[in-house]
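Notes for the structure review
So you can see what is in the structure, the chains are spelled out below.
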Amino acid sequence: MPDQTYAHSVVFSQNTEIDSSLEIKGNLTCSRLVVRGDLTVSGGVISELHLYVTGKLTVGQSLQAVQEIRVGKSLTAGSDVSARAIRVGESLTSSGRVRAQERIEVGQSITAKGQVEAGVQLHCGASIQTDAWVLCPSFDIRCTELRSRLLPLGREFWASLPLLSEWSEQIRDTDVCWPELRRLPNKEEAKKIASSHFGHWSLEGQLQVFLGSQPTTMAPPEAHASIPPITFEDSTAGEAPTEPAVRDQSNPLLTLLMSTVKTPFPDYTGNSSYGDFERALKNQGVLNMDLRQAYLDLDIDLDRVYEVVQATAVPDASVKTQILSELNAATNVRLNYTNTNTFINSSILADDLKIGYVGNMVSVEDGDQCSFNVLGVIESIIDGLSAIPDAGAIFTIIDAISGVIQNGWGGGVQSVNAAYTQLYGALSTQFNKLLSVNGLVVQALLSDWGKLKQANALIIDGTLNWPADDSPAITAAANRYEIEVFRVLFPLHWSPEYSSFGPFYNCTCGSNVLWTGNGFAGDATYWLTYGGYWWGDCPDAENELARIGVSIENLTQGTGLWGSSTWQCNAPVCQERPNCCPKN
């Protein structure tokens, strides 16, 4: 039995500490509340600061705190649970969603009907089970397993993945329900998708469960967590977090993304004007959900939402101004997300580019290993954008996504070392992380009013304003990518050879001569060849190079888009293959 019982709703307007268990048969509204025992509330709970309960916390309806919810034992709620931070010593059970702007830390299991989302960190000592999805934009997710039914990030994100390209139109079609999408791939296709890697284990696992390839997602051992006991002695809860060091302070988007400062949207709970907007949207068949949640759902047309809000008269003009500002900012940020996805798919993952075309050019044998520094390739693509007029925003956005990857979002990118026959899939897996992290970036911006507002300001002032014509940037990025791939593949097949008997023996090479140096009998002429020494196939090499806009001079002297070339040799010593140009 509780030590204190209220037979009605309660409001604690000042900071309150109760040294016993407490039961409230109604709603609870409080500022900072500490209960040293169990707390049971039959209605809902709203805390304007912190809610600390050393024992069990049971809430019949929703539970919301502006700062932190901290519970020593178990937490059970009949609807949504939300706060800046949520810490629970034992299990957390919700009949709605569980959301924290920053951190969720639960000693045992999490069970929810709705989505489970944390902005910075999601740590659970056992399983996370939900009828929706699990998402943490930083990918700092720790648990033993995930059991989910739906997919995070919206239809556009999944439709953009190459491994689902065969069904992209159906995925984007909002008339096709998610259960129907689950049945699009047959068993063999689903099995192939399940074996593909494109990002963090939590995303890959949730896709596999969604397609029915496996009943649950087992977390890798390194993602398991041992949650320390919840304590209540510290007095720092709710203090403003310190800013972390970021990779590049000159990149405004990256600096914004890596900030741990969270700014919630203005709280319009119970505001009549906000309610008028939601009723108007519902009555006109435009939206039947919380208005702010529509920002995160990339399948919802915000232009139509904006039109309805603009046309709806409400008594509180300040609420209307705020919502229109949010809709405008969300629309701009989402447009940059779509443009970035299109750019990546057109310049790196397009079917008419890639290594299938470049690789076949040089007839690489199946057994030849190819090693790629993926981050180096990304940096080269970024560098190729820096000199293009009007591509400054693309440069900044792609550079920021790369920086976010390097800071650990999306599990980072790994260098690729694979046989040519496996190279396409291995490289595509790593570059798909650009798409994956781009999705996380837009989710991070759309879920935080401070970041959304700042990102929109960067778009308006031109810093992140995507150019109306991005075709020159797409072409330049595609060229950079092809050249980086070709730079690795080329020496697996072609090699510089020389004549030991002087340049006159190789006069047929003519302008195809690469360089001259000291041979056994004086000067030796070097040219590109494959196979035997006397195959004068420089013209073949030039023809192949010309298909991607590269000349012999580009290759050997570092001109054009190649920059400094590993094939450049000024005066090689006399040997079959110069030391500065080894064949891998």
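Computed from a predicted model, the values in this text were never measured in an experiment.

Looking only at helices and strands, the protein features 18 helices and 29 strands. The proportion of buried residues among the 584 residues of the protein is 54%. Put simply, the protein shows about 25,000 Å² of open surface, and 48% of that area lies on carbon and sulfur atoms.

Moving on: helix α15 (residues 449-460). If you check α15, its first and last C-alpha atoms are 16 Å apart, about what 12 residues at 1.5 Å a residue would give, namely 16 Å. In this fold, the buried residues of α15 make contact with α6 (252-258), α10 (317-347) and α14 (420-446). Of the residues flanking the start of α15, the one acting as N-cap is Asp 448, its side-chain oxygen 2.9 Å from the backbone nitrogen of Gly 450. A positive backbone phi angle near 100 degrees is found at Gly 462, which sits one or two residues after α15.

Take the packing of α10 against α15 next. Contact geometry of α10 with α15 gives a least axis separation of 9 Å together with a crossing angle of 65 degrees. Regarding the angle of α10 to α15, the classification is roughly perpendicular. Our pair here, α10 against α15, has a crossing hand that is left-handed. Residues Gln 322, Ser 325, Glu 326, Asn 328, Ala 329, Ala 330, Asn 332, Val 333 and Asn 336 of α10 form the contact with α15, whose own contacting residues are Trp 449, Leu 452, Ala 455, Asn 456 and Ile 459. Residues belonging to the contact of α10 with α15 are distributed by class as follows: 7 nonpolar, 6 polar and 1 charged.

Take the confidence of the model for the protein next. Looking at the protein as a whole, its pLDDT mean stands at 79, while 77% of the residues score no less than 70. Contacts from residues 235-249, a stretch scored under 50 in pLDDT, to residues over four places away or in other chains number 33 contacts. Taken together, the stretch residues 499-513 has pLDDT below 50 and engages in 23 contacts with residues farther than four places along the chain or on a different chain.

This next bit is on the sheet that holds strand β10 (residues 57-59). The 10 strands are arranged β1-β4-β7-β10-β13-β15-β17-β20-β23-β24 in an open sheet whose pairing can be described as mixed. The outermost strands of the open sheet, each flanked by one partner alone, are β1 (4-6) and β24 (217-218). In this structure, strand β20 (residues 127-130) lies alongside strand β23 (residues 145-147), joined through 3 bridges in parallel fashion. The residue of β23 that forms the bridge with Ser 127 is Glu 145.

A positive phi angle, close to 70 degrees, is found at Asp 390, a residue other than glycine. Tracing the chain through its elements places Asp 390 in the loop between α12 (374-386) and α13 (392-406).

Our next topic: the environment of Ala 468. Within the element layout of this structure, Ala 468 appears in the loop between α15 and α16 (471-493). In this structure the C-alpha to C-alpha distance between Ala 468 and Asp 390, which are 78 residues apart in sequence, comes to 9.0 Å.

Looking now at the pattern of salt bridges. Here the structure, examined in full by the defined rule, presents 16 salt bridges. With a shortest N-O distance of 3.0 Å, Glu 68 and Arg 70 are connected by a salt bridge. Arg 70 carries the same exposure label as Glu 68, and that label is buried. The salt bridge partner of Arg 147 is Glu 145, with a shortest N-O separation of 3.4 Å. Here Glu 145 falls in the buried class, since its relative accessible area comes to 13%. One connected set of salt bridges, linked through shared partners, spans Glu 17, Asp 19, Arg 32 and Arg 36.

For the rest of this paragraph, the subject is the pairing of strand β16 (residues 98-106). Among the 9 residues in β16, 7 count as buried, and that is most of the element. Across 7 bridges, strand β14 (residues 81-88) lies against β16 in parallel orientation. What sits directly across from Arg 87, in β16, is Glu 105. Strand direction decides the pairing type here: β16 and strand β18 (residues 116-118), joined by 3 bridges, are parallel. Each residue of the ladder has a partner; that of Arg 99, found in β18, is Glu 117. Sheet topology note: the β16/strand β19 (residues 121-124) ladder contains 4 bridges and is parallel. The residue bridging Glu 105 from the neighbouring strand is His 123, located in β19.

What follows covers the side chain of Arg 70. Within the secondary structure layout, Arg 70 lies in strand β12 (residues 68-71). Side-chain polar atoms of Arg 70 contact the backbone oxygen of Thr 231, separated by 2.7 Å.

Attention now moves to the packing of aromatic side chains. What the rule picks out here adds up to 7 aromatic pairs. Their ring planes at 70 degrees and their centres at 6.2 Å tell us that Tyr 52 and Phe 232 sit as a pair that is edge-to-face. With Tyr 52 in strand β9 (residues 51-53) and Phe 232 in the loop between β24 and α6, the pair connects residues that are 180 residues apart, well separated along the chain. Pairwise contacts between aromatic rings join Phe 265, Tyr 295 and Trp 449 into one cluster.

Parameters and conventions
- Residues numbered from 1 in each chain as written.
- Predicted model: local features only at pLDDT ≥ 70, side-chain atom pairs only at ≥ 80, totals over all residues.
- Heavy atoms only, no water.
- Helix = DSSP H or I, 4+ residues; strand = E, 2+ residues; numbered from the N terminus.
- Buried < 20%, exposed > 50% of the residue type's maximum accessible area, 1.4 Å probe, protein only.
- Areas by Shrake-Rupley, 256 points an atom, 1.4 Å probe, with all protein chains shown as cover.
- Expected span 1.5 Å × (residues − 1).
- Contact = heavy atoms within 4.5 Å.
- Polar contact = N/O pair within 3.5 Å; in protein donor to acceptor, adjacent residues only side chain to side chain.
- Axes fitted to C-alpha atoms, helices over the stretch in contact; angles between N-to-C directions.
- Parallel < 35°, antiparallel > 145°, perpendicular 65-115°, else oblique.
- Left-handed = near helix turned anticlockwise from the far one by under 90°.
- Nonpolar A, V, L, I, M, F, W, Y, C, P; charged D, E, K, R; others polar.
- pLDDT = per-residue confidence, 0-100.
- Pairing = 2+ DSSP bridges.
- Salt bridge = Lys/Arg side-chain N within 4 Å of Asp/Glu carboxyl O.
- Phe/Tyr/Trp six-rings, centres within 6.5 Å; stacked < 30°, edge-to-face > 60°.

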